[in-house]
Each structure stands twice: as structure tokens, then as C-alpha cells.
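# Breakdown of the fold
Residue strings, one per chain:
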Amino acid sequence: MNHILSVIVPTYNEADVIATFHQRITRVMQQLNCEYEIIYIDDGSEDETLFLLNQLREQDPCISIVDLSRNFGKEIAMSAGLDHCIGDAVIVIDADLQDPPELIPALIDEWKNGYDVVYAQRKKRHGETWLKTKSATLFYQLLWKISRVKIPKDTGDFRLLSRRAVDALKTLNEHHRYMKGLFAWIGYPQKAVMYDRDPRASGETKWSYWYLWNFAIEGITSFSDMPLKISTYIGTIAASGSFLYGIYMIIRTLIFDNPISGYPSIIVIILFLGGIQLISLGVIGEYLGRTYDESKRRTLYFTKGFHPSLVYKDKDKK
Ligand code: UDP
Ligand code: MG
């Protein structure tokens, strides 16, 4: 049976690498001897990316382009790709060559062995700062501990999905899409393939530390209600502590009378409780904000156009 493969590539301001990337991925795909399409999702790039993609498409009929109406972020760009692909197996890969296309045959082998989600797991991260590597490791460890869904450590979005995994993902229409978590959430047989992560080929990362921090909060709030529980527990502990201290004060006053003292302890307690209350409110706010966003049920994204590949058109005719 002849399979069709789809490769999904979210691109945002990748003009510097896009041609090199396309060359490299094409070399890999051609060796596979099967029909394939490469879907570039232009995530509202401000540079030449879209122009270059259109140029590439004139020479290569295997290219599809989904042109988003603005920058929606990588998670939504990936979802747009999943919505438009037709492959029996779908590969999600970054355009900056940090995910080596040469690993794709290994992913496909595991898919043929019956796995629905085959994710590439990093052995090493090249070309990233110590702080970024360290904070990423710590974050994934924390998420692993507090989340009900077991999100694999040291994996990016680079992975292969079977058709039924893609169809499952397409039914999830939440706005706060932490894709790494959703990939794990759908279940099905999953398998890791190890690889070395390369440094970015060119251009620079779009993720500042502030962005990563928010991404981390997204991951935690989407897949764990542990922070809510923690604030409840801290609140309970602080309240019981204050209660015991209150009893102690009453007894001490009854026995030793009340010399006017205790100003420092009162201030300490007030500040302590005030702090805890603000933190808890903040935590609740994070969840409430997300509930609010989801309750609007907005369309996930808009496209300016979809330019399908030849494979897609052929499939349509059948
Ligand atoms: N990307 C995107 N939309 C964005 C930011 C990034 O589609 O708003 C794409 C980007 O073009 C690349 C991939 O997502 O193909 C990963 O981005 P990046 O290399 O900046 O992330 P990092 O590798 O540092 O995690
Ligand atoms: Mg990158």
C-alpha cells in the first residue's frame, strides 16, 4: 500500500533558513520513495518568508502553503497545519534546522511498527545557553511531577503522528493549546527516538525568557490544578497556625496580664497573610483568565489563503 506523508512546518520570519531547510527536507523525503507534501504555515511573518515560500512552490509541486492572517504563535500554526494535511502519517518539524530532517526515516520506522505518536527526544542541546538548558530541564521535571498527563521530558514538537492521532488532535479546539501536552493527552501507543539537537542554523530564536516563562505557566495551568491546591494548603496551614497562635495569646494574657507588646508579631502575621492572599488570588486569576478566554469560543485562526500541493489536489479528485 502506498502511503502519503505530510510534513508540517510552522514558519515565522525564517527567510534566512527556509531555502536551506527545504533543500534538506526534500533530500530526505525523496529517499523515502513515497508520496509526500510539505505544508508551510506562514505565521504572519514580517520578512520575506512568504515571498520565498511562494517562489519555492512554483518549482516544487509538493509544497502547500497555509497563509495565516497574522502571527498566532507556533502552537496555533501547528494546529492549522494539522487541519490542512492529508497524510497517513504527519511529521511536525521546526524550520530552523534544529530538528534534523535526517531523523524522519527513523520516526517512520517506528510508525510502521505500530506507534501512533513517535516523538524525537533530545540527548543533547547544542548551541543553547546553560541557563536555558537548565531551566528547561527543571521545568519539565516539575511538570512531570504535578501533571496528570505524563508529558515526556526533553522533547520538542518534532514528532510523527498517525492519522488517527491527528484526527484526535483536530477534535480538541481549546484556545490555550500547549501542544506538547495535547500530544501526550490523546494517548495511543507512543514511542521516543533519541537524537542530538543542533543549534539554530540561522536567524534567532523567537522565544525570550519572558515568553518562555509564560509558556511554562501555560503548560502548568493547562495540565495541572496543583497550583490551586497548593494555595489552598498554604492558606489552611497559615490559618491553623494563626488560630493556634491566637489561643496561645489569649492564655498568655489571662495568666500574665497584658503588657502592651506584640506589635512586631502582629505586623509579621498581617504581612504574611496578606502575601499569601495575593499569591492565591494571582493563581486563581491565571486559571480564571484562561476560563474566560475559552468561554469566548473564538475561531482558532484565520487564513489569507491555502495553496494546496499536487498531492492534495490529486487526493481531492479521487
Ligand atoms: N514559530 C512560529 N510562530 C511563532 C514563533 C515561532 O511558527 O510565533 C516557528 C518558527 O518559525 C520555527 C519554530 O516555530 O519553525 C520554532 O521556533 P524557534 O526556533 O524560535 O523556537 P526554539 O527552537 O527556540 O524553541
Ligand atoms: Mg529553534
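Residues numbered from 1 in each chain as written. Chains lettered and ligands numbered in written order. Predicted model: local features only at pLDDT ≥ 70, side-chain atom pairs only at ≥ 80, totals over all residues. Heavy atoms only, no water.

Here helix α5 (residues 130-146) crosses helix α8 (residues 209-223) at 10 degrees, and the two axes come no closer than 11 Å. It follows from the interaxial angle that α5 and α8 lie roughly parallel. When α5 is examined against α8, the residues Leu131, Lys132, Phe139, Leu142, Leu143 and Ile146 are found in contact with a partner set consisting of Tyr209, Leu212, Ala216, Gly219 and Ile220. Grouping the amino acids of the contact of α5 with α8 by side-chain chemistry returns nine nonpolar, one polar and one charged. (Axes fitted to C-alpha atoms, helices over the stretch in contact; angles between N-to-C directions. Helix = DSSP H or I, 4+ residues; strand = E, 2+ residues; numbered from the N terminus. Parallel < 35°, antiparallel > 145°, perpendicular 65-115°, else oblique. Contact = heavy atoms within 4.5 Å. Nonpolar A, V, L, I, M, F, W, Y, C, P; charged D, E, K, R; others polar.)

With respect to the helices and strands, Ser79 occurs in helix α3 (residues 74-84). Residue class for Ser79 comes out buried when judged on its relative accessible area of 4%. Polar contacts involving the side chain of Ser79 include one to the main-chain carbonyl oxygen of Glu75, which spans 3.0 Å. Not counting residues within four places of it along the chain, the set of residues in contact with Ser79 comprises Arg177, Met179 and Leu300. (Buried < 20%, exposed > 50% of the residue type's maximum accessible area, 1.4 Å probe, protein only. Polar contact = N/O pair within 3.5 Å; in protein donor to acceptor, adjacent residues only side chain to side chain.)

Now for the confidence of the model for the chain. Caution applies to low-pLDDT parts of the model: their predicted coordinates are not meant to be read in detail. In the predicted model, the chain carries a mean pLDDT of 83, and the fraction of residues at 70 or more is 92%. Least confident of the elements in the chain is helix α11 (residues 310-317), whose mean pLDDT is 67; most confident is strand β4 (residues 89-92), at 94. (pLDDT = per-residue confidence, 0-100.)

Next up on the list: unusual backbone geometry. Even without a glycine there, the phi angle at Tyr188 is positive, about 70 degrees. Counting through the fold element by element, Tyr188 comes out in the loop between α7 (179-185) and β7 (190-197). With relative accessibility at 36%, the residue Tyr188 sits in the partly exposed group. Although it is not a glycine, Arg297 sits at a positive phi angle of roughly 50 degrees.

For the rest of this paragraph, the subject is the coordination of the magnesium ion (ligand 2). Perfect tetrahedral coordination of a metal by four donors corresponds to 109.5 degrees between them, and perfect octahedral coordination by six donors corresponds to 90 or 180 degrees. Summarising the metal site, the magnesium ion (ligand 2) is bound by the protein donors Asp96 (OD) and Gln98 (OE1), whose distances to it range over 1.9 Å. By relative accessible area, which is 4% here, Asp96 ends up buried. For Gln98, a relative accessible area of 8% puts it in the buried group. (Donors = N, O, S within 2.8 Å, 3.2 Å for Na, K, Ca; no water.)

The next subject is the pattern of salt bridges. Scanning all chains against the criterion turns up six salt bridges. Note that Asp157 and Lys74 form a salt bridge whose closest N and O atoms lie 2.9 Å from each other. Of this pair, Asp157 sits in strand β6 (residues 155-162) while Lys74 is found in helix α3, placing the two residues 83 residues apart along the sequence. Here Asp157 and Lys74 have matching classes, each one buried. The network of salt bridges with common partners includes Lys74, Asp94 and Asp157. (Salt bridge = Lys/Arg side-chain N within 4 Å of Asp/Glu carboxyl O.)

Core analysis: the biggest nonpolar cluster contains 41 residues, and Ile41, Leu68, Leu82, Leu161, Leu169 and Tyr178 have the highest contact counts within it. Once residues within four sequence positions are removed from consideration, Leu82 is found in contact with Ile8, Val90, Leu161, Val166, Leu169, Lys170 and Met179. Ranked by size, the runner-up nonpolar core spans 32 residues in total, among them Leu53, Cys62, Leu103 and Ala120. (Core = buried A, V, L, I, M, F, W, Y, C linked by side-chain atoms within 4.5 Å.)

Let us now look at the packing of aromatic side chains. Here a ring pair, both rings aromatic, is described through the centre-centre distance and the interplanar angle of the planes. Taken as a whole, this structure holds three aromatic pairs when the rule is applied. Measuring from centroid to centroid gives 6.2 Å for Phe21 and Tyr40, while their planes differ by 80 degrees, and the two rings are edge-to-face. Separated by 19 residues along the polypeptide, Phe21 in helix α1 (residues 18-31) and Tyr40 in strand β2 (residues 35-42) bring together distant segments of the chain. Here Phe158 and Tyr195 contribute two aromatic rings whose centre-to-centre distance is 5.9 Å and whose plane-to-plane angle is 85 degrees, an arrangement assigned as edge-to-face. (Phe/Tyr/Trp six-rings, centres within 6.5 Å; stacked < 30°, edge-to-face > 60°.)

Attention now goes to helix α2 (residues 49-59). Of all the residues in α2, the buried ones are Thr49, Leu53 and Leu56. Looking down the long axis of α2, one finds its buried residues gathered within 60 degrees of arc, a one-sided arrangement. Contacts from the buried residues of α2 go to β1 (4-11), α1, β2 and β3 (63-68). (Arc of directions from axis to C-beta.)

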